[in-house]
Amino acid sequence: IQVIESIITKPQIVSGGGGFYFCGGDSVMVYVSDQPGLQYQWSTGGSDTSLVAKNPGWYYVVSSDTNGCSKSSDSVFVIESIPVIPQINFSGTPVICPYDSFPISVSSLAGYTYTWSNNFTGDSLFLQAGGEYYLYATDSFGCVALSDTITVEKSQLTQPVLYSAGVAALCYGD
């Protein structure tokens, strides 16, 4: 009787993108630490040393040798990050009066950073120039959502100037 000893180490799953996540509509490549002479079977049915994860959820891989011995990896959870679309907040009509500014803001969410179309960062702006403004919201995974665009007008009104056509006299009681 010949006894064959198979030594299979537990397969390790690694991410090709730096983490087990992807932005909505995208995917992430995951790999198994390849051991020569082994076959692989992913929880999704694939048999390569890599897998394109297009859906969020749990993934694992089973490695096996030609003797029928096998080991399963730990499961990893792949996250699909779909960032919240930011809404630009403002009060009244979006018009900048002379010598004034027009405040706009976004309701800030934990873990998000905000970049406005004029490259300013933060959750609020005080506009002094008319134009179109929009906002990028970036979540903690680096996934980006874009707000709607608002158009802010600059009022063409100027400061009133008083002219006198001659001598102006104001009498007490007038």
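Refer to the structure printed above.
Described below are features of the structure shown in this document.

Rules of the game
Residues numbered from 1 in each chain as written. Predicted model: local features only at pLDDT ≥ 70, side-chain atom pairs only at ≥ 80, totals over all residues. Heavy atoms only, no water. Helix = DSSP H or I, 4+ residues; strand = E, 2+ residues; numbered from the N terminus. Buried < 20%, exposed > 50% of the residue type's maximum accessible area, 1.4 Å probe, protein only. Contact = heavy atoms within 4.5 Å. Areas by Shrake-Rupley, 256 points an atom, 1.4 Å probe, with all protein chains shown as cover. Pairing = 2+ DSSP bridges. Phe/Tyr/Trp six-rings, centres within 6.5 Å; stacked < 30°, edge-to-face > 60°. Patch = residues over 30% accessible without salt bridge, like charges linked within 9 Å, V, L, I, M, F, W, Y side chains within 5 Å. Salt bridge = Lys/Arg side-chain N within 4 Å of Asp/Glu carboxyl O. Disulfide = S-S within 2.5 Å.

**Focus: the overall build of the protein**
Link 1 in the chain: Within the protein, the secondary structure is distributed over 0 helices and 18 strands.
Link 2 in the chain: Per-residue burial over the protein gives 27% buried out of 174 residues.
Link 3 in the chain: Counting contacts in the protein only where the partners sit at least 6 residues apart, residues at least 24 apart contribute 45% of the total.
Link 4 in the chain: For the protein, the accessible area works out to roughly 11,600 Å², and carbon and sulfur atoms hold 53% of it.

**Considering the pairing of strand 14 (residues 124-127)**
Regular strands have side chains that alternate between both faces of the sheet.
Link 1 in the chain: Along strand 14, the buried face is formed by Leu 125 and Leu 127; none of Ser 124 and Phe 126, which line the opposite face, is buried.
Link 2 in the chain: Alignment of strand 12 (residues 102-106) against strand 14, held across 4 bridges, turns out to be antiparallel. Counterpart to Ile 104 in the pairing with strand 14 is Leu 125.

**Considerations on the environment of Val 52**
Link 1 in the chain: Within the secondary structure, Val 52 is located in strand 5 (residues 50-53).
Link 2 in the chain: Relative accessible area serves as the criterion here: at 39%, Val 52 is assigned to the partly exposed category.
Link 3 in the chain: Along the primary structure Val 52 and Ser 27 are separated by 25 residues, whereas in three dimensions their C-alpha atoms are 6.5 Å apart.
Link 4 in the chain: Once you skip the residues sitting within four places of it in the chain, Val 52 turns out to touch Ser 27, Val 28 and Met 29.

**Concerning the packing of aromatic side chains**
Link 1 in the chain: Enumeration over the complete set of coordinates arrives at 5 aromatic pairs.
Link 2 in the chain: On the basis of an interplanar angle of 45 degrees and a centroid distance of 4.9 Å, the ring pair of Tyr 21 and Phe 141 is categorised as tilted. A residue pair is termed long-range when its members are at least 10 positions apart, and Tyr 21 in strand 2 (residues 21-23) and Phe 141 in the loop between strand 16 (135-138) and strand 17 (144-146) qualify at 120 residues.
Link 3 in the chain: Considering the side-chain rings of Tyr 134 and Tyr 136, the 5.7 Å spacing of their centres and the 80 degrees angle between planes classify their relative orientation as edge-to-face.

**Digging into the sheet that holds strand 12**
Strand pairing within a sheet occurs via backbone hydrogen bonds; the two strands may be parallel or antiparallel.
Link 1 in the chain: Read across the open sheet, the 3 strands follow the order 10-12-14; overall the sheet is antiparallel. Each of the sheet's edge strands pairs with one partner strand only, and the pair in question is strand 10 (88-89) and strand 14.
Link 2 in the chain: Alignment of strand 10 against strand 12, held across 2 bridges, turns out to be antiparallel. Residue pairing in the sheet places Ile 88 in a bridge with Val 106 of strand 12.

**Topic: a nonpolar patch on the surface**
Link 1 in the chain: Residues Val 14, Met 29, Tyr 31 and Val 52 make up a contiguous nonpolar surface patch of roughly 300 Å² in combined accessible area.
Link 2 in the chain: Its location among the elements puts Val 14 in strand 1 (residues 13-15).
Link 3 in the chain: For Val 14, a relative accessible area of 42% translates into the label partly exposed.

**As for the state of the cysteines**
A covalent bond bridging the sulfur atoms of two cysteines is what the word disulfide describes.
Link 1 in the chain: If you walk through the whole model with that rule in mind, you get 1 disulfide.
Link 2 in the chain: Covalently, Cys 23 is tied to Cys 143 through a disulfide, its sulfur atoms 2.0 Å apart. Here Cys 23 and Cys 143 share a disulfide; its torsion about the S-S bond, -90 degrees, makes the bridge left-handed. You can see Cys 23 sitting in strand 2 and its partner Cys 143 sitting in the loop between strand 16 and strand 17, a full 120 residues away along the chain.

Keep in mind that these numbers describe shape and distance, not what the molecule does.
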